[in-house]
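# Architecture at a glance
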Amino acid sequence: MINIVIGKVHQIYTDITSDDIARYVRQILAEDEYHRMKPTEVAKEVVAIITGSPTRKKRRPSSKAPASKNICDYISNT
């Protein structure tokens, strides 16, 4: 994934070194607790770090809602 992101970012910012981009990618992947980010999303985050503009984090669904398979148990307990 690092090489894909380096290639995408180098298309836009040719003056940034590959080592810097790899460091940013590792930083972003360390913060991705669900490990669901795609290379294009990681590239957007790297560009946001380079430009200094923060990106909004996506909201994760809360775990308070019952799973569909447990809906009968949920209804019977209330």
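Rules used in this analysis
Residues numbered from 1 in each chain as written. Predicted model: local features only at pLDDT ≥ 70, side-chain atom pairs only at ≥ 80, totals over all residues. Heavy atoms only, no water. Axes fitted to C-alpha atoms, helices over the stretch in contact; angles between N-to-C directions. Helix = DSSP H or I, 4+ residues; strand = E, 2+ residues; numbered from the N terminus. Parallel < 35°, antiparallel > 145°, perpendicular 65-115°, else oblique. Left-handed = near helix turned anticlockwise from the far one by under 90°. Contact = heavy atoms within 4.5 Å. Nonpolar A, V, L, I, M, F, W, Y, C, P; charged D, E, K, R; others polar. Expected span 1.5 Å × (residues − 1). Buried < 20%, exposed > 50% of the residue type's maximum accessible area, 1.4 Å probe, protein only. Salt bridge = Lys/Arg side-chain N within 4 Å of Asp/Glu carboxyl O. Arc of directions from axis to C-beta. Core = buried A, V, L, I, M, F, W, Y, C linked by side-chain atoms within 4.5 Å.

This next bit is on the packing of helix H1 (residues 2-12) against helix H3 (residues 39-51). One way to put it is that H1 packs onto H3 with a least axis distance of 9 Å and a crossing angle of 50 degrees. Regarding the angle of H1 to H3, the classification is oblique. Considering only the axes of H1 and H3, their crossing is right-handed. Residue-level inspection shows Ile 4, Val 5, Lys 8, Val 9 and Ile 12 of H1 in contact with H3, the latter providing Pro 39, Thr 40, Val 42, Ala 43, Val 46, Val 47 and Ile 50. Residue composition of the contact of H1 with H3, grouped by class: 10 nonpolar, one polar and one charged.

The subject of this paragraph is H3. With 13 residues, H3 should cover 18 Å at 1.5 Å per step; its first-to-last C-alpha distance of 18 Å lies within 8% of that length. The complete set of buried residues in H3 reads Val 42, Ala 43, Glu 45, Val 46, Val 47 and Ala 48. Immediately beyond the C-terminal end of H3, within one or two residues, lies Gly 52, with a positive phi of roughly 85 degrees.

Applying the stated criterion to the full structure yields one salt bridge. With a closest N to O distance of 2.5 Å, Arg 23 and Asp 20 form a salt bridge. Residue Arg 23 and its partner Asp 20 are located together in helix H2 (residues 18-31), separated by three residues, close to a single helical turn.

Moving on, we get to H1. For H1, the full list of buried residues reads Val 5, Ile 6 and Val 9. All buried residues of H1 lie within an arc of 105 degrees about the axis, which places them on one face of the element. With respect to the buried face of H1, the exposed residues turned more than 90 degrees away are Asn 3 and Gln 11. Looking at the buried positions of H1, the neighbouring elements they touch are H2 and H3.

One finds Val 5, Val 9, Ile 21, Val 25, Val 42 and Val 46 to be the most contacted residues of the largest nonpolar core, which totals 13 residues. Breaking this core down by element, the ones donating at least two residues are H1, H2 and H3. Looking at which element gives the most residues to this core, the answer is H2, with five residues. Each residue touching Val 46, except ones within four places of it in the same chain, is listed here: Val 5, Val 9, Ile 21, Tyr 24, Val 25 and Ile 28.

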